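Architecture and fold: a report
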Amino acid sequence: MVKKLDKPIVITGAGRRIGLALAHHFLAQHHDVIVSYRTRYPAIDVLEEAGAVCIEADFCHDEGILAFADAVKARTTHIRALLHNASAWQDESPGVPPSEVLCAMLQIHVHAPYLLNFALEPLLRGQGHAACDIIHFTDYVVERGSDKHIAYAASKAALDNLTRSFARKLAPEVKVNAIAPSLILFNEHDDPQYRQKALNKSLMKIAPGEKEIIDLVDYLLTSRYVTGHSYPVNGGRPLR
C-alpha cells in the first residue's frame, strides 16, 4: 500500500538547481514533498534518502503529464502547493524545424502547468481561504522577448498569462503567482568571461543563488492576500 502524505508540496523538475534547492528547503521544514524528474541525477537519490517522494515523469507528451498527476493523487488527498519549476531551454537552431521547437517549448511550459493545474485542482481546494498556492516559474524574457530563443520566450509569456487566469479561477481558496528570474546562479561549465559579461547586464552585479528564490516562495506561501502577480527577480536588469 502506498503511504498517504499530509498536504505535500509538489515541485516539478526538482532534479537540479532551483527545484532541487526548494525540495531540500521544504524537507528541512518537515513538509512532505513530491517531486518530478525526467533524468535520474544522483541528487534524486539524495532527495529520496531525505524523505521526498520522487516520481519519474516525461512532460514531453500529455500522457506523461497526466500520469504524474495520477501518481500524485495516489499518494495524497490534498496538497499544500504546486510549484511549476520544470523547464527546457531550446533555441531556434539551424536544421531544426521551427515548428518542432515551438511545440517542445509549449509542451513543457504551457501544456504541463495547464493540465496539472486542472488535474490537481480538487487536491488544492477545500482547505480554506488562501490556504494553498500555485507558483509558475517564468523568465525575465517574458517582457523583453528574445531573438535567439523566440519559442522559449513566447511559451514563458503564455505561462505568465496562465498565472492571472488561474488566479481568477481558483480564488479565494488558492493563490496563483509567478516568479520571473534572471541570472540566479551559473552553470559549472560557464567560463569567467561569460560570467562577467552576464553579471554586467544587471545593476546588482551578482548571481545571488537559490536562496533569493526560496525566500520569495516562502513569502508567497505565507501571504493570505497576494495573488495573480508576477515577481521579477533580476537584479535590476531592465534598468541597464
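As recorded in an unreviewed UniProt entry, the protein goes by the name Dihydromonapterin reductase, listed as coming from Cronobacter muytjensii. Looking at the Sequence similarities (unreviewed entry) heading of the UniProt record, one finds this comment for the protein: "Belongs to the short-chain dehydrogenases/reductases (SDR) family. FolM subfamily."

Within a regular strand, the side chains alternate between the two sheet faces. Of the two faces of strand β1 (residues 9-12), both are covered, the one formed by I9 and I11 as well as the one formed by V10 and T12. Both β1 and strand β2 (residues 33-37) contribute to a ladder of 3 bridges, which runs parallel. Paired with I11 across the bridge in β2 is V35. One ladder, built from 4 bridges, connects β1 with strand β4 (residues 81-84); its direction is parallel. Looking at β4, one finds that T12 is bridged to H84.

Right, let's talk about the packing of helix α1 (residues 17-28) against helix α2 (residues 42-50) for a bit. Pairs of packed helices are described in terms of their axes, by the angle between the two and the distance that separates them. The interhelical angle for the contact between α1 and α2, taken along N-to-C directions, is 15°, at an axis separation of 11 Å. Comparing their axes, α2 and α1 come out roughly parallel. Note that α1 runs across α2; the crossing there is left-handed. Together, L20, A23, H24 and L27 of α1 and A43, V46, L47 and A50 of α2 make up the contact between the two elements.

One turn of the α-helix equals 3.6 residues, which is why residues spaced by three or four share an orientation. Between its terminal C-alpha atoms helix α8 (residues 211-222) stretches 16 Å, which fits the 16 Å expected from 12 residues at 1.5 Å a residue. Regarding α8, the residues found buried are I213, I214, L216, V217, L220 and L221. For α8, the buried positions fall inside an angular range of 165° around the axis, keeping them on one side. α8 presents K211 and T222 as exposed residues on the side facing more than 90 degrees away from its buried surface.

Glancing now at the sheet that holds strand β5 (residues 132-137). One open sheet holds the 7 strands; their spatial order is β3-β2-β1-β4-β5-β6-β7, and the pairing between them is parallel. Strands with a single pairing partner mark the edges of an open sheet, and in this sheet they are β3 (53-56) and β7 (230-233). Pairwise comparison of adjacent strand axes, ignoring direction, gives a mean angle of 15° for this sheet. Both β2 and β3 contribute to a ladder of 4 bridges, which runs parallel. Within the sheet, the bridge partner assigned to V35 lies in β3 and is C54. The sheet contacts of helix α6 (residues 150-170) involve β5, β6 (174-181) and β7, and relative to β6 the element is tilted by about 160°. The strands touched by α8 within the sheet are β1, β4, β5, β6 and β7, with β6 carrying the most contacts at an inclination of about 160°.

Attention now moves to the packing of helix α4 (residues 98-124) against α6. Packing of α4 against α6 brings their axes to within 8 Å, and their N-to-C directions diverge by 15°. By the angle between their directions, the pair α4 and α6 is classed as roughly parallel. Here α4 runs over α6; the crossing is right-handed. On α6, the residues touching V101, L102, M105, L106, H109, V110, P113, Y114, N117, F118 and E121 of α4 are A151, Y152, S155, K156, A158, L159, L162, F166, K169 and L170. Looking at the contact of α4 with α6 residue by residue, the class counts come to 15 nonpolar, 3 polar and 3 charged.

The next point concerns unusual backbone geometry. Omega for the bond connecting A171 with P172 falls within 30 degrees of zero, at 0°, which places this linkage in the cis form. Position of P172 relative to the elements: it lies in the loop between α6 and β6. We note that K7 has phi near 45°; this positive angle belongs to a residue other than glycine. You can see K7 is positioned in the segment before β1.

Our focus in this paragraph is α2. Those residues of α2 lying buried are A43, I44 and L47. Down the axis, α2 shows its buried residues gathered within 105° of arc, on one side only. α2 presents P42 and E49 as exposed residues on the side facing more than 90 degrees away from its buried surface. Buried-residue contacts for α2 involve α1, β2 and β3.

Right, let's talk about the environment of D133 for a bit. One can find D133 in strand β5. Sequence-wise, D133 and G209 are 76 residues apart; in three dimensions their C-alpha atoms are separated by 23 Å. Setting aside chain neighbours within four positions, we find D133 in contact with R80, A81, L82, L124, V174, K175, L220 and L221. A polar atom in the side chain of D133 sits 2.4 Å from the side chain of K175.

Rules and cut-offs
Chains are numbered independently. Their residues run from 1 in the order of the written sequence. Local features in a predicted model are, by the rule used here, given only for residues with pLDDT of at least 70; side-chain atom pairs are given and counted only at 80 or more, and totals for whole chains, interfaces and linings are based on all residues. The basis for the side-chain values is all heavy atoms of the structure; hydrogens and waters are excluded. UniProt positions are given in the numbering used here, feature names are shortened, and annotations may be inferred rather than shown by experiment. Residue exposure (1.4 Å probe, protein chains only): buried if accessible area is under 20% of the type maximum, exposed if over 50%, otherwise partly exposed. Segments assigned H or I by DSSP are reported as helices when at least four residues long, segments assigned E as strands when at least two residues long, and all are numbered from the N terminus. Strand pairing is assigned whenever DSSP detects at least two bridges linking the two strands. Only the stretch in contact is used when a helix axis is fitted, and all axes are lines through C-alpha atoms; the angle between N-to-C directions ranges over 0 to 180 degrees. Throughout, the term roughly parallel applies to angles under 35 degrees, roughly antiparallel to angles over 145, roughly perpendicular to angles from 65 to 115, and oblique to all others. Working rule for handedness: look at the near helix, and if it is turned counterclockwise from the far one by less than a right angle, call the crossing left-handed; if clockwise, right-handed. Note on contacts: a residue pair qualifies if any of its non-hydrogen atoms lie within 4.5 Å across the two residues. In a helix, the anticipated span is given by 1.5 Å times the number of residues less one. Within this analysis, the arc is defined by the directions that extend from the helix axis to the C-beta atoms. Under the convention adopted here, Pro, Cys and the residues Ala, Val, Leu, Ile, Met, Phe, Trp and Tyr are nonpolar, Asp, Glu, Lys and Arg are charged, and Gly plus all remaining residues are polar. Each polar contact in these results corresponds to two N or O atoms within 3.5 Å; when the atoms are within protein, one needs to be able to donate a hydrogen and the other to accept it, and residues that are neighboring in sequence are counted only if both atoms are side-chain atoms.

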